[in-house]
Amino acid sequence: GAGVSQSPSNKVTEKGKDVELRCDPISGHTALYWYRQSLGQGLEFLIYFQGNSAPDKSGLPSDRFSAERTGGSVSTLTIQRTQQEDSAVYLCASSLSWAGAEQYFGPGTRLTVT
Amino acid sequence: AQSVTQPDIHITVSEGASLELRCNYSYGATPYLFWYVQSPGQGLQLLLKYFSGDTLVQGIKGFEAEFKRSQSSFNLRKPSVHWSDAAEYFCAVGPSGGGSQGNLIFGKGTKLSVKP
């Protein structure tokens, strides 16, 4: 079946602009996660959604970052007033439940802030 | 604090040689443990996972890993490496029980190069 998809695959933006990154999880997966992968830094948790519960935003690095998940499916990660340090690969993952279940990852969006 | 350590940033092995990638974790309780692989420009693919039971788990592509509670380790092994195994490997831990945190905590990865 279809896996997790993300769009765009690459995004180049100027410093100070806002960007939106999209994630389509696997159908039926109730949990959705956003991670950031920076060069040499591994994967950093940003935010996760589980069903209709309030999202866990504890990993968001600043208030310039926000995310929403509409209808329990598609999610959008928004970065306002982008900075050069926001340049990274943003990965989305989904799973059937949150309790340590296997997470399936999308191919990522490579964001470059110039 | 919860953390995952992969001591080796980069490893080079010859094709056909055996491989062991190290992973140590710090976690408040017995976690769920995972190994993921990432090929260049690709997302992460799950190799194997440990939840409970037999401490030696088998995964895809001929990989296996052993959970050692006393050493807080979950090392990944393969008896004979293939050139196609060249990639970056990530160890991760996740919660095994109730609570609000569902995210995985990842190590910084080990890049594997394979010599012909």
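Before reading further, recall that the structure is shown in the block above.
Residues numbered from 1 in each chain as written. Chains lettered and ligands numbered in written order. Predicted model: local features only at pLDDT ≥ 70, side-chain atom pairs only at ≥ 80, totals over all residues. Heavy atoms only, no water.

Enquirer: What exactly am I supposed to notice about the state of the cysteines here?
Expert: As used here, a disulfide is simply a covalent bond connecting the sulfur atoms of two cysteines. In the structure shown here, the tally under the stated rule is 2 disulfides over all chains. Two residues, C23 of chain A and C92 of chain A, share a disulfide whose sulfurs are 1.8 Å apart. Measuring handedness by torsion sign, the sulfur bridge of C23 of chain A and C92 of chain A sits at about -65 degrees and is left-handed. Here the residue C23 of chain A occupies a position in strand β3 (residues 19-24), and C92 of chain A occupies one in strand β8 (residues 88-95), the gap between them amounting to 69 residues. C92 of chain A gets classed as buried once you look at its relative accessible area, which sits at 0%. Between the sulfur atoms of C23 of chain B and its disulfide partner C91 of chain B the distance amounts to 2.0 Å. With the S-S dihedral at roughly -65 degrees, the linkage between C23 of chain B and C91 of chain B falls on the left-handed side. One end of the pair, C23 of chain B, is in the loop between β3 (19-21) and β4 (24-26); the other, C91 of chain B, is in strand β10 (residues 87-94), and 68 residues separate them in sequence. (Disulfide = S-S within 2.5 Å. Helix = DSSP H or I, 4+ residues; strand = E, 2+ residues; numbered from the N terminus. Buried < 20%, exposed > 50% of the residue type's maximum accessible area, 1.4 Å probe, protein only.)

Enquirer: In this structure, what is going on with the interface of chain B and chain A? I would like to understand it.
Expert: A common way to express how large an interface is: the accessible area buried when the components associate. With 24 residues of chain B at the contact, the number on the chain A side is 21 residues. Our count for the contact surface shared by chain B and chain A stands at 1 salt bridge. Summed over the shared surface of chain B and chain A, the result is 4 residue pairs in polar contact (both at pLDDT 80 or more). When residues of the side of chain B that touches chain A are traced back to their parent elements, those giving at least two are β5 (32-38) and β6 (44-50) of chain B. Here the side of chain B that touches chain A takes 4 residues from β5 of chain B, the largest share from any one element. A per-class count over the side of chain B that touches chain A returns 10 nonpolar, 12 polar and 2 charged. (Contact = heavy atoms within 4.5 Å. Salt bridge = Lys/Arg side-chain N within 4 Å of Asp/Glu carboxyl O. Polar contact = N/O pair within 3.5 Å; in protein donor to acceptor, adjacent residues only side chain to side chain. Nonpolar A, V, L, I, M, F, W, Y, C, P; charged D, E, K, R; others polar.)

Enquirer: Looking at this structure, I do not really get the packing of aromatic side chains. What am I missing?
Expert: Aromatic ring pairs are reported here in terms of the distance separating the ring centres and the angle at which the planes meet. In total, this model carries 17 aromatic pairs over all chains according to the counting rule given. Taking the centre distance of 6.3 Å and the plane angle of 25 degrees together, the rings of Y33 of chain A and Y35 of chain A count as stacked. For Y33 of chain A, a relative accessible area of 0% puts it in the buried group. An aromatic cluster is defined as three or more aromatic residues linked by ring pairs; in this entry it consists of Y33, Y35, F45, Y48 and F105 of chain A together with Y32, F34, Y36, F51, F90 and F106 of chain B. (Phe/Tyr/Trp six-rings, centres within 6.5 Å; stacked < 30°, edge-to-face > 60°.)

Function-wise, these values are silent; they only describe arrangement.
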